[in-house]
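# Structure at a glance
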Amino acid sequence: MGLSLTRAAQWTTATSDAGKLAPTPMNVSLLKEVLRFVEQFSSQHPQEAEHVFEEPLQWSTALVASDFKTDYDISDLDVQSPEKDNKGRPLLQLSPPTVCVRSFSQLSKLLHLADNKRMEEVQACLEENRDPVVKILGPSLDSILEKADAHTDGLVDEEKEEDQSKDIKVKLFLLLQDLDKQLLSKCLKDMDGRDGLDPGAVRNEVEMLKRHSSEGEKRVLKSVRYTSDYVFSNGCRAPPWRQALNEICYLVIEPCDTETLYITCSTAGVFLNGGINREGEEIGFEQTSDVFKDLRALLKSTSPHFAENANKQDFEEELPPTQKTQHVELVDAEEQGQPQRSDEQQEKNVHEKERQRHAPNKANDRKKYEPCRRWNNLGLVSPRGKTPAGSVPMDAFSESSSESEEEEEQSERHPESNTDLPSEYWQIQKLVKYLKVGDQNATALTLCAMMEFNLMQETCQLAIRDVGGLEVLINLLDTDEVQCKIGSLKILRKISHNVHIRRAIVDMGGLQSIMKILDSPVKDLKALDAETIANVARFRRARRTVRQYGGIKKLVRLLDCAPNLANLTAEQEKDVEVARCGALALWSCSKSTKNKEAIRKAGGVFMLGRLLKSPHENMLIPVVGTLQECASEESYRIAIQTEGMIKDLVQNLSRDNDELQMHCANAIFKCAQDKQTRYLVRQYKGLQPLVSLLSKAHNKQLLAAATGAIWKCSISVENVTKFQEYKALQTLLCLLTDQPEEVLVNVLGAVGEFAKIPANKATIRKCGGIRSLVNLLTGTNQALLVNVTKAVGACATDMDNMIIIDKLDGVRLVWSLLRNPSADVQSSAAWALCPCIENAKDAGEMVRSLVGGLELIVNLLKSTNNEVLASICAAIAKIARDKENLAVLTDHGVVQLLTKLTNTTDDRLRRHLAEAVGHCCMWGSNRASFGDAGAVAPLVRYLKSKDKAVHKTTAMALYQLSRDPNNCITMHDKGVVKLLIHHMGSDNEMLLEAAAGCVRNIRLLAQENRKAKLFY
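The structure contained in this document is the topic of the report that follows. The shown structure was predicted, so the numbers you read here are calculated from the model rather than taken from an experiment.

### Quick word on the overall build of the chain
What the chain contains, in helices and strands, is 57 helices and 10 strands. Per-residue burial for the chain yields a buried fraction of 55% across its 1016 residues. In the chain, 70% of the contacts between residues at least 6 apart in sequence involve partners at least 24 apart. About 45,000 Å² of surface is accessible on the chain, with carbon and sulfur atoms providing 48% of the total.

So this is what it looks like as structure tokens:
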């Protein structure tokens, strides 16, 4: 009643919080299964049937008091059961129309009394109790699931020794899980014999598209990939609850001319879905387009490039014949968590690239694995085949992480038969059996024999896991034999590079046993242990476990050593190795925001600062890696600056180690947001080493880090002056083509800062940078678009640059970005338009040539983002200088929309809003319209702002408004004269003149009024 109810059941609304079960055959089938389960529950599980629910199941019932027998206490319309819980509450209570039930026993009796209304009662119960499992097992569900996850074999036997209530809860959980599987299986049967696409046809078409997605001029697509490499026995890749809705798989296709497409393939056809969310973990399953008969039809509809080239290339001949209808076999409940043989993995996990560089032997991890037979035999595998069903789902936790959940979604493939397994597989399995039965000496010898194998090889890892070797290795850590512990950790350290091995270690509670060894006095043990933790803690649940069991404090203590000595003794070398491994483990753990805070509270910043002075590069890499990971937090950036670490980071930039240089540059990139840090980088002569790193263009990650550090450092004008001495701008301009987006974003940010100096604007033009900038305006990356518009805007303040921008149609491209859904892109584009309009040769005509441009910019005044509003007001102030354009703006309702914004308290918005109002007064009756709309009184209050720029634009706006008599009266009533007289003493001539002009207009009106009274 968990996944099946929320995902397989069909509801009348799109959300899971409202609506009712739709009257479909699938839902009827589900209801019958639930009814049969509840009716038979009391007789088959009498002890569990008497268990009292943590929260009652409540729903509106059709039953009345007369339907109940003498076994109940009946009082008028109310009914109560004589059985009560330990708080004296009846286990069944009817207060029409609401019924409240607290046990399966009473639920079964109620359904028996309902007779021919049983189905209606079950439906009403499920509709009003969307998560019945949580109500039955209560808020302690999480701890029960973790216990079921950690203790698999003999789970119930062990629970019997504890509190009886917990024992019953665990049994109930397993029974409800079995029901869930049965319901999913029932749903999947509806897929048999359906018409339309089938997995084979989809697979063939995808393979054909991949063949036409290779590099070269003839390619029709950039890339085609599945969202999951997991393949069920029926050929589908969609999870079972989506297969129940006739969905086969999900694709991510990147066309050559449009944005990335997220596609659902179903038996009814293919259509666009909601895409993958920012965390990269969930697919938006909702349909967002029409349904097409196949992938080619959809792509031809969405990609003109594909349609044109698909007609030129013979796709039909390449596609093998497929039958219109094929039988799709049911995925049995026992198989739902059991991965079948999948196709070769198509894409590397992008988030793993950096980690793979730190662990070269992880290349074998690309191969896929399947859950241990131990989980399958227990029936504790979830429908997705990812984690034991007893484990708490990942989205149940609020653990934030600086990276997406890596390694969680990978599946595996197994050899098709035992004959495919090499001899090493069987040899290692024999050795594991010796481990289980051998004495101390035999155990040590067996561990040594196992280490002779290539434990980074997939086959060897499978052998250890499949025969239960992980449990044995973890158990050896609880012995008193140091040599056995060392041997076990050496093996665990190697095999834990594997995604599924480290997940299995956490699933069986092995990480807790590993962390206990951190307290050992044996230094070799602690080093091996910390390195193993570094490998295991590469996914969220493992990092959380390390923190919850006090592992962060223990790892920080390992950092205490004397790394700066030139000549180390043997013991000191061991201390350094322990500290290095501890830093590696902290690096893995620092992916979590909560762990970063735990490291800081444990004194990790000071310890890392000491190790930063080490002469050993293998020590520096994890130390700097941890610091740059943590530098995303402000507390760390302050600590790095105050503890004097900037000097060490700058010095390490000059070491001949690309990886170390990359991490140092990344740390500076994150810390240089602070002005003092930028000053320190310049003071310690760190600018030139950063520029020198630009020559290593082949290393894209190093290049991204270096350009990022240069960007942030160039925010200070003094640093830009230094960068000019090293010819940094010319080098950066060469990087505006043929670079990854992460590099381009940083380069554009730096160019935008450089362009604030007049001399650099000419340099950008002479080096051909204007054309490169304009070409990048057609991108889709939002961070890139923000930076490129800022750079274009900065360059447009130069008249010669503006001529080139206009000639290259750059203004139109910038204006089109106002349609971008990102508020950051909208505001950045609007700011860029201001200098473009101001410096264009014929700005009025240029703006009018943009069809729909003025209407678009006026509509953006309805935005809720203050930065967007401020930038749009600034742009309107520039546009309104042309009378014809101002007339069009007025027709689009600019006066009313500007007036609605006047009550803002944001000084930045106030400044540009007042400027826009002042310029918009120049047409027709706009001055009177502003007064009638109520814009005058709020503008008077702007004169009380502490921002002098607000005073200037407000005085200018009030001067224009004061040319209308009614506005003068309103201003005088709001006390504007006293405020303006104060500003008439300003050093700013424009403010002084505007204030004086406004007071003059008010005075003239007063004089005319007096004359009228005297003479008329």
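### Focus on empty space enclosed by the protein
The probe, sized like a water molecule, is rolled over the atoms to show the empty space still left. Scanning the entire structure with this criterion turns up four cavities of 30 Å³ or more. What the largest cavity holds in volume is close to 140 Å³. Val 34, Val 38, Leu 57, Leu 107 and Cys 125 are the residues nearest the centre of the largest cavity, which is lined by 15 residues in total. Put simply, the parts of the chain that give the lining of the largest cavity at least two residues each are helix H2 (25–44), strand S1 (52–60), helix H4 (104–114), helix H5 (118–128) and helix H6 (132–137).

### Overview of the packing of aromatic side chains
Enumeration over the complete set of coordinates arrives at eight aromatic pairs. Through a chain of ring-to-ring contacts, three or more aromatic side chains come together here, namely Phe 37, Phe 41, Phe 53 and Phe 104. Between the NZ or CZ atom of Arg 237 and the centre of the ring of Tyr 226, over which it lies, the distance is 3.6 Å. The cationic tip of Lys 712 hangs over the ring face of Trp 711; the distance from NZ or CZ to the ring centre is 4.1 Å.

### Side note on the sheet that holds strand S10 (residues 283–287)
Here we have five strands laid out as an open sheet, ordered S6-S7-S8-S9-S10, and antiparallel in their pairing. Of all the strands in the sheet, the pair left with one neighbour each is strand S6 (221–226) and S10. The average undirected angle you get between the axes of adjacent strands in this sheet is 35°. Taken strand by strand, helix H10 (residues 199–211) contacts S6, strand S7 (247–255) and strand S8 (261–266), and its axis lies near 150° from that of S6. Here helix H12 (residues 295–302) sits on the sheet and contacts S6, S7, S8 and strand S9 (269–276); the angle it forms with S8, its principal contact strand, is near 150°.

### What to know about the packing of helix H39 (residues 741–754) against helix H42 (residues 782–795)
Helix-helix packing: each pair is described by the crossing angle between the helix axes and the interaxial distance. Closest axis-to-axis distance for the H39/H42 pair is 8 Å, and the angle between their directions is 25°. In this view, H39 runs roughly parallel relative to H42, as classed from their interaxial angle. The handedness of the crossing between H39 and H42 comes out as left-handed. Note on element contacts: H42 touches H39 through Ala 783, Leu 784, Asn 787, Val 788, Ala 791 and Ala 794, opposite Glu 741, Leu 744, Val 745, Leu 748, Gly 749, Val 751 and Gly 752. For the contact of H39 with H42, the class distribution of residues is nine nonpolar, three polar and one charged.

### Overview of the packing of helix H36 (residues 700–713) against H39
In contact at an axis separation of 8 Å, H36 and H39 are set at 25° when each is read in the N-to-C sense. Accordingly, the angle class assigned to the pair H36 and H39 is roughly parallel. For the element pair H36 and H39, the recorded crossing hand is left-handed. Together, Lys 700, Leu 703, Ala 704, Thr 707, Gly 708, Ile 710 and Trp 711 of H36 and Glu 742, Val 743, Val 745, Asn 746, Val 747, Gly 749, Ala 750, Glu 753 and Phe 754 of H39 make up the contact between the two elements. Split into classes, the residues belonging to the contact of H36 with H39 amount to nine nonpolar, four polar and three charged.

### A word on the pairing of strand S5 (residues 98–103)
Burial runs high along S5: five of the six residues are buried. Note: S1 against S5, five bridges, orientation antiparallel. Looking at S5, one finds that Gln 58 is bridged to Cys 100. Pairing analysis gives four bridges linking strand S4 (residues 92–95) to S5, with the strands arranged antiparallel. Counted as the bridge partner of Gln 93 is Cys 100 from S5. Here S4 folds back onto S5, and the loop between the two strands holds two residues.

Cut-off values and rules
Residues numbered from 1 in each chain as written. Predicted model: local features only at pLDDT ≥ 70, side-chain atom pairs only at ≥ 80, totals over all residues. Heavy atoms only, no water. Helix = DSSP H or I, 4+ residues; strand = E, 2+ residues; numbered from the N terminus. Buried < 20%, exposed > 50% of the residue type's maximum accessible area, 1.4 Å probe, protein only. Contact = heavy atoms within 4.5 Å. Areas by Shrake-Rupley, 256 points an atom, 1.4 Å probe, with all protein chains shown as cover. 1 Å grid on protein atoms, 1.4 Å probe; cavity = no way out; pocket = protein on both sides within 12 Å on 5 of 7 lines; lining within 4 Å. Points joined across faces, edges and corners; volume = space filled by probe spheres on them. Phe/Tyr/Trp six-rings, centres within 6.5 Å; stacked < 30°, edge-to-face > 60°. Lys NZ or Arg CZ within 6 Å of the ring centre and 35° of its normal. Pairing = 2+ DSSP bridges. Axes fitted to C-alpha atoms, helices over the stretch in contact; angles between N-to-C directions. Parallel < 35°, antiparallel > 145°, perpendicular 65-115°, else oblique. Left-handed = near helix turned anticlockwise from the far one by under 90°. Nonpolar A, V, L, I, M, F, W, Y, C, P; charged D, E, K, R; others polar.

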